[in-house]
Amino acid sequence: MRRLMAVLALAGALGGCGYYYPTPPAPPPPAPPEPRHPPIDACGAGALQYLVGRPVAELPPYRRHEQRVMGQSSSYEDRYDPERLTVIFDEATGRITRVRCG
C-alpha cells in the first residue's frame, strides 16, 4: 500500500511538469462585403451644385445618362435611378433650387 501511495504521489508530482501547448491565435475576422449600392454621386450632381440659385435656362446639356428637369410642384414618376440627374426649379422664379441624383 505504501508503495502504491509513493507511486501515485510521484505520478502526481511529475504530471504537473508536462509541456504546455498554447492554443493557436484566432483567425482574423473576414473582410466586410462590398456595398451593393451605387456610389453616392453616380450621376455627377456634385459637379453641378454651382447651378443652385441660377436660372434653369443656364442648365448645360447633359449627355451622361438621363436627365429630369422639373418644377417643385410637378408630379413625376417615383422610379429611382441613381444615374439619372434630377434638377428641381422654382416655377415662380425660374431658378434652380436643387440638383440631385435619382
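Here, the structure is the one placed above.
Residues numbered from 1 in each chain as written. Predicted model: local features only at pLDDT ≥ 70, side-chain atom pairs only at ≥ 80, totals over all residues. Heavy atoms only, no water.

1. Remarks on the overall build of the protein
Part 1 of the reasoning: Regarding its fold elements, the protein presents 1 helix and 3 strands.
Part 2 of the reasoning: Order of helices (α) and strands (β) in the protein, N terminus to C terminus: α-β-β-β.
Part 3 of the reasoning: When the 102 residues of the protein are sorted by exposure, 24% land in the buried category.
Part 4 of the reasoning: Excluding contacts between residues fewer than 6 apart, the proportion of contacts in the protein whose partners are at least 24 apart in sequence is 37%.
Part 5 of the reasoning: Surface summary for the protein: the accessible area is close to 8,300 Å², and the carbon and sulfur share equals 60%. (Helix = DSSP H or I, 4+ residues; strand = E, 2+ residues; numbered from the N terminus. Buried < 20%, exposed > 50% of the residue type's maximum accessible area, 1.4 Å probe, protein only. Contact = heavy atoms within 4.5 Å. Areas by Shrake-Rupley, 256 points an atom, 1.4 Å probe, with all protein chains shown as cover.)

2. Thoughts on the sheet that holds strand E1 (residues 66-71)
Part 1 of the reasoning: One open sheet holds the 3 strands; their spatial order is E1-E2-E3, and the pairing between them is mixed. A single partner strand is all that each edge strand has here, and the edge strands are E1 and strand E3 (96-101). Pairwise comparison of adjacent strand axes, ignoring direction, gives a mean angle of 15° for this sheet.
Part 2 of the reasoning: Here strand E2 (residues 84-89) runs beside E3; their pairing, made up of 5 bridges, is antiparallel. Directly across from Leu85, in E3, lies its bridge partner Cys101. (Pairing = 2+ DSSP bridges. Axes fitted to C-alpha atoms, helices over the stretch in contact; angles between N-to-C directions.)

3. Side note on the pattern of salt bridges
Part 1 of the reasoning: Summed over the entire model, instances satisfying the criterion amount to 3 salt bridges.
Part 2 of the reasoning: In this structure, Arg54 engages Glu58 in a salt bridge whose closest nitrogen and oxygen atoms are separated by 3.7 Å.
Part 3 of the reasoning: Its relative accessible area of 37% is what places Arg54 among the partly exposed residues.
Part 4 of the reasoning: With relative accessibility at 41%, the residue Glu58 sits in the partly exposed group. (Salt bridge = Lys/Arg side-chain N within 4 Å of Asp/Glu carboxyl O.)

4. Focus on the side chain of Arg84
Part 1 of the reasoning: Topologically, Arg84 is positioned in strand E2.
Part 2 of the reasoning: A distance of 2.6 Å separates the side chain of Arg84 from the backbone oxygen of Gly102, its partner in a polar contact. (Polar contact = N/O pair within 3.5 Å; in protein donor to acceptor, adjacent residues only side chain to side chain.)

5. Brief notes about the environment of Asp41
Part 1 of the reasoning: On the secondary structure map, Asp41 appears in the loop between helix H1 (2-15) and E1.
Part 2 of the reasoning: What makes Asp41 partly exposed here is its relative accessible area of 35%.
Part 3 of the reasoning: Put simply, Asp41 and Gly102 are 61 residues apart on the chain and 9.9 Å apart in space, counted from C-alpha to C-alpha.
Part 4 of the reasoning: Every residue in contact with Asp41, bar those within four places of it in the chain, is listed here: Gly46, Ala47 and Cys101.
Part 5 of the reasoning: Of note is the side chain of Asp41, whose polar atom sits 2.8 Å from the backbone nitrogen of Ala45.

6. Overview of the nonpolar core
Part 1 of the reasoning: Core analysis: the biggest nonpolar cluster contains 10 residues, these being Cys43, Ala45, Leu48, Leu51, Leu59, Leu85, Val87, Ile96, Val99 and Cys101.
Part 2 of the reasoning: Where this core is concerned, the elements lending two or more residues are E2 and E3.
Part 3 of the reasoning: The dominant element in this core, judged by the number of residues it contributes, is E3, at 3 residues. (Core = buried A, V, L, I, M, F, W, Y, C linked by side-chain atoms within 4.5 Å.)

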